[in-house]
Amino acid sequence: MRDQWKIFLMLCGITAASACGCQKQEPVRSPKPADVVGHKDPEPGMMTVAVPAEPKTADATPVVEVAPVPPPDPIETMTVPEDPVEKAKLYYEMGYGSSAVQLLGALPTETLEKTGVQLLLGQAAELCGRNREAVAACTKAAAGSEAAPKTQALLCQARAYLGLKEHAKALRSLEAALAASPDDLIVRRATMDVLLGLKSHDALLKLVQETLAKAPGDPATMLYLGAAHELSKAREKAQETYEKLTGNDTIPAWVEAEAFDRMGMLWIKADPKKSREILARCRQRVPGAGCPRTELSLSPPDPRHPERRIRNVSRPGRYGETPLPPP
């Protein structure tokens, strides 16, 4: 009996030992030193944002920024002068020619006969289409000895003659203005316009050469040089002259557009395809100005347009193989 009890105790011991051996043993952490045990990581503090100091005046008061006030409208703040001559000048500058003529006509004779008043009267009359009155007033204003008012009066007189379709008298007025101010490019270009309208090739070419000698490479004068070549049927020379005025940003846009338009009209009958190519270049370089004459000549007639006729229309190049480039 005693031996059986010993065997039972041995079996229980073996079972307990095997059970303890099957359990997974966790690694034992090494003890921390005393200074590590009592240490705590500091908590993160709040992030501080630096606020810039407000600008202050000398007495330590904050500076208040005032919103910018837009400038007043010059029309609303404009005051009409009391002097009738100044008032008429203001009316003329604003485009009210009839009002200026009416105001100047009520002046006394001693004031109206002055050179400056007669010049203003002629300019206002020419502005509103009263060309006969403009010619009479500008003739009196041109009798003065000063060069600048005399030139302005002769220019106004020439414009009034052109309004009356009297080109010969307009040309004589411009020649007198050119004699008074030989270096004035405005007078020279106005004279070239009249000579071009009269198709006077020799006089136009002579004046253009004289102007280019005074102002070499002037773009507007180069246009008249090309026009002189056109009058002499020298198409290639005109093409070369107009080509010099294109593709250069230093040349004014209106001059480049006019050069393109004249080049397009040069080839509108001889080579419509080349004219279309020039029109495409014009649309690319100067889209704001364009080439209206070339565009109108190459496009088909439109019955809705008041200046286009459908019957018996012959426009060279409008049925060409190359379509018009998109606008």
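Residues numbered from 1 in each chain as written. Predicted model: local features only at pLDDT ≥ 70, side-chain atom pairs only at ≥ 80, totals over all residues. Heavy atoms only, no water.

### As for the overall build of the protein
Thinking step 1. Assigned secondary structure in the protein consists of 17 helices and zero strands.
Thinking step 2. Among the 327 residues that make up the protein, the fraction classed as buried is 32%.
Thinking step 3. Sequence-distant contacts, at least 24 apart, represent 45% of the contacts inside the protein between residues at least 6 apart.
Thinking step 4. Only carbon and sulfur atoms are counted for the fraction: they give 57% of the accessible area of the protein, which is about 22500 Å². (Helix = DSSP H or I, 4+ residues; strand = E, 2+ residues; numbered from the N terminus. Buried < 20%, exposed > 50% of the residue type's maximum accessible area, 1.4 Å probe, protein only. Contact = heavy atoms within 4.5 Å. Areas by Shrake-Rupley, 256 points an atom, 1.4 Å probe, with all protein chains shown as cover.)

### Concerning unusual backbone geometry
Thinking step 1. Positive phi outside glycine occurs at Lys165, with the angle close to 65 degrees.
Thinking step 2. In this structure, Lys165 sits in the loop between α9 (147-163) and α10 (167-180).
Thinking step 3. In this structure, Lys199 takes a positive phi of about 55 degrees despite not being glycine.
Thinking step 4. Along the polypeptide, Lys199 turns up in the loop between α11 (185-197) and α12 (201-214).

### Some remarks on the side chain of Gln157
Thinking step 1. Structurally, the position occupied by Gln157 is in helix α9.
Thinking step 2. Note on Gln157: relative accessible area 8%, which makes it buried.
Thinking step 3. Not counting chain neighbours up to four residues away, the residues in contact with Gln157 comprise Val135, Cys138, Thr139 and Ser173.

### A short note on helix α5 (residues 97-105)
It helps to recall that an α-helix has 3.6 residues per turn; residues three or four apart then point in one direction.
Thinking step 1. Along α5, the positions that sit buried rather than exposed are Gly97, Ala100, Val101 and Leu104. Each buried residue of α5 lies within a common arc of 100 degrees when the element is viewed along its axis, so the set occupies one face.
Thinking step 2. Contacts made by the buried residues of α5 are with α4 (84-93), α6 (109-112), α7 (115-127) and α8 (131-141). (Arc of directions from axis to C-beta.)

### Remarks on the state of the cysteines
Thinking step 1. Taken as a whole and judged by the stated rule, the model has one disulfide.
Thinking step 2. Two residues share a disulfide in this structure: Cys282 and Cys291, whose sulfurs sit 2.3 Å from each other. Handedness of the Cys282-Cys291 disulfide follows from its S-S torsion of about 115 degrees: it is right-handed. Across this residue pair, the class does not change: Cys282 and Cys291 are buried. (Disulfide = S-S within 2.5 Å.)

### Comments concerning the packing of aromatic side chains
Thinking step 1. Counting across every chain of the model gives zero aromatic pairs.
Thinking step 2. Over the ring of Trp267 we find Arg235, and its NZ or CZ is 5.2 Å from the ring centre.
Thinking step 3. Geometry around Trp267 places Lys274 over its ring, the cationic atom sitting 3.9 Å from the centre. (Phe/Tyr/Trp six-rings, centres within 6.5 Å; stacked < 30°, edge-to-face > 60°. Lys NZ or Arg CZ within 6 Å of the ring centre and 35° of its normal.)

### What to know about the nonpolar core
Thinking step 1. Counting residues in each nonpolar core, the largest one holds 61 residues, and the members touching the most others are Leu104, Val208, Tyr242, Leu245 and Phe260.
Thinking step 2. Contacts of Leu245, omitting those with residues within four sequence positions, involve Pro219, Met222, Leu223, Ile251, Val255, Glu256 and Ala259. (Core = buried A, V, L, I, M, F, W, Y, C linked by side-chain atoms within 4.5 Å.)

### What to know about the confidence of the model for the protein
Thinking step 1. Here the protein averages 81 in pLDDT, while 73% of its residues score no lower than 70.
Thinking step 2. For the stretch residues 22-29, pLDDT sits under 50, and the model shows one contact to residues farther than four places along the chain or on other chains. (pLDDT = per-residue confidence, 0-100.)

### Comments concerning the pattern of salt bridges
Thinking step 1. In the structure shown here, the tally under the stated rule is 13 salt bridges.
Thinking step 2. Among the salt bridges present, the one from Glu256 reaches Arg285, with a minimum N-O distance of 2.8 Å. One end of the pair, Glu256, is in helix α15 (residues 253-266); the other, Arg285, is in helix α16 (residues 272-285), with 29 residues separating them in the sequence.
Thinking step 3. On the accessibility criterion, Glu256 (3% relative accessible area) is buried.
Thinking step 4. Here the salt bridges share partners, and the residues they tie into one network are Glu258, Asp261, Arg262 and Arg293. (Salt bridge = Lys/Arg side-chain N within 4 Å of Asp/Glu carboxyl O.)

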